[in-house]
Amino acid sequence: MRVIELYIMRRTFALFAAALLWVLALVWTTQVLNRIDLVTDSGQSAGTFFFVAALVLPSVIPIVIPFALGIAIAQTLATMNSDSELVVINASGAPRATIIRPILIIAIGASLASFLINNTLEPASRQAFRSVLANARADLITTVLQEGSFQKVDDGLFVQVSERLPNGLLGGIFVADSRDENTKLVYHARTGAAVEREGGSILVMQDGMVQRQSANGDVSTIRFDSYAFDLSQFSSGGGGEPTLHPKDRSLAFLMNPDVNDSFYKKSPQIIRAELHMRLSEWLYPLVFAMVALAVAGDARSFREARLHPIVTTMAIALIVRWVGFYSGTEAESSPFFSFVLYAAPLLMIGLCAVFIATNRVMELPTHWVEKLNARMQRLTDGITHWRVRLANRRTPAGRRG
């Protein structure tokens, strides 16, 4: 590999690592904050929270890698163009492969890393997270349920205990269950107890009543001496194991699913859709890299550049990535979109290859750019006008004029 290729690779990789670090930090923070209720609702320790935060990383990294790579390549090539480095490389008689090869090496490495993380680390981390969540829910009634406060056990299911009696019983139990859209259940019981059994927990309520509201608004009330409310479904899926969703499964399982799996029984297409997503998402680092090369890989005058290459690269690549996200969702119900999962990135890679081979620059449509520039100019003028008015209001009356 030539010195100039090593120079381009080192420069691109440095920007890629920096962009990956910052974008990953932002996305990871938002994902972690969404899971802070694991500590606040179920009384888990800070150590559990940080462990869960670490488990989130493998699911975030493959999503962030293409964006960081596209930003790094576009910025590197744009800077080299503004510093006339691309012009010098072309004038020296170096082939275009001098610029393309080091970037493709990084892109292929990023794609392979994305594939490995998606199919090894991410399923393992998701399964570990399910186990932590199952243990937290299993302990909710028996250990950490606070007196006099509502605790969320699941979406649409809330439990309150008025007091803990000295003999281990629970006093004043209230359970609100609205998980079924057509039926709402409210349980009241004077006393009760959480009983452990193999595979989960049971909340045994004594001397109480249950109110049932149907979809048409009719309410019926039934009194009971003893009623058992099964909590094991919120902590395990049978046999003491947490319930695993298709995204939690390994690649080997998706390729040869268990016919007794609950998700496979209900909808085999969901398993197939997840498999196709696993086998296609690793292409997106290569897609973003090819788009960046097609947008900013040629030396050109600043007069020709309508938008910064990063803006153009991200706009074009985001359209393709959105198609991928949309197709992944629709593929769970329609096999046709499983084909689109592969077609969208591969067609974009082919289109970019044609632009690169024919020495053409990939850009957004001219009328899009003109409208965007006009709106940006109006926004800039509005901000400037607002700042001038604000400065005039702050100026003392005696100093005006």
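Data block above holds the structure.
Remember, it's a predicted structure, so these values are computed and weren't measured experimentally. (Residues numbered from 1 in each chain as written. Predicted model: local features only at pLDDT ≥ 70, side-chain atom pairs only at ≥ 80, totals over all residues. Heavy atoms only, no water.)

Trainee: Mind showing me how you'd approach the packing of helix H9 (residues 284-296) against helix H10 (residues 309-330) here?
Mentor: Axes are the key here: two packed helices are described by the angle between their axes and the distance separating the axes. Closest axis-to-axis distance for the H9/H10 pair is 9 Å, and the angle between their directions is 145°. Note on packing geometry: the crossing formed by H9 with H10 is right-handed. Here H9 contributes Tyr284, Val287, Phe288, Val291, Ala292, Val295 and Ala296 to the contact with H10, which in turn contributes Pro309, Thr312, Thr313, Met314, Ile316, Ala317, Val320, Arg321 and Gly324. Its residues assigned to classes, the contact of H9 with H10 comprises 12 nonpolar, three polar and one charged. (Axes fitted to C-alpha atoms, helices over the stretch in contact; angles between N-to-C directions. Helix = DSSP H or I, 4+ residues; strand = E, 2+ residues; numbered from the N terminus. Left-handed = near helix turned anticlockwise from the far one by under 90°. Contact = heavy atoms within 4.5 Å. Nonpolar A, V, L, I, M, F, W, Y, C, P; charged D, E, K, R; others polar.)

Trainee: Can you walk me through the packing of aromatic side chains in this structure?
Mentor: By convention here, two paired aromatic rings are described through the distance between centres and the angle between planes. For the structure on display, the rule yields nine aromatic pairs. Relative to Phe288, the ring of Phe67 lies with its centre 5.1 Å away and its plane at 65°, an arrangement referred to as edge-to-face. Of this pair, Phe67 sits in helix H3 (residues 46-82) while Phe288 sits in helix H9; the two residues are 221 residues apart in sequence, bridging distant segments of the chain. In terms of burial, Phe67 and Phe288 fall into one category: buried. Feature note: the residues Trp322, Tyr326, Phe336, Phe337 and Phe339 constitute an aromatic cluster, connected by ring pairs. Stacked on the ring of Phe253, the Lys or Arg Arg249 has its end atom at 4.2 Å from the ring centre. Over the ring of Tyr284 we find Arg321; its NZ or CZ atom is 4.1 Å from the centre of that ring. (Phe/Tyr/Trp six-rings, centres within 6.5 Å; stacked < 30°, edge-to-face > 60°. Buried < 20%, exposed > 50% of the residue type's maximum accessible area, 1.4 Å probe, protein only. Lys NZ or Arg CZ within 6 Å of the ring centre and 35° of its normal.)

Trainee: How should a nonpolar patch on the surface be read in this particular structure?
Mentor: A cluster of nonpolar residues, Met376, Leu379 and Ile383, forms a patch on the protein surface that exposes about 290 Å² of accessible area. The residue Met376 is located in helix H12 (residues 366-394) in this model. Met376 sits in the partly exposed class, given a relative accessible area of 45%. (Patch = residues over 30% accessible without salt bridge, like charges linked within 9 Å, V, L, I, M, F, W, Y side chains within 5 Å. Areas by Shrake-Rupley, 256 points an atom, 1.4 Å probe, with all protein chains shown as cover. Salt bridge = Lys/Arg side-chain N within 4 Å of Asp/Glu carboxyl O.)

Trainee: I'm lost on unusual backbone geometry in this one. Help?
Mentor: One non-glycine residue, Ser84, lies in the positive phi region at around 65°. Structurally, Ser84 is set in the loop between H3 and helix H4 (85-91). Phi angles above zero are rare outside glycine, and Asn359 is one such case at about 60°. Residue placement: Asn359 occurs in the loop between helix H11 (336-357) and H12. Residue Asn359 is classed as partly exposed on the basis of its relative accessible area of 48%.

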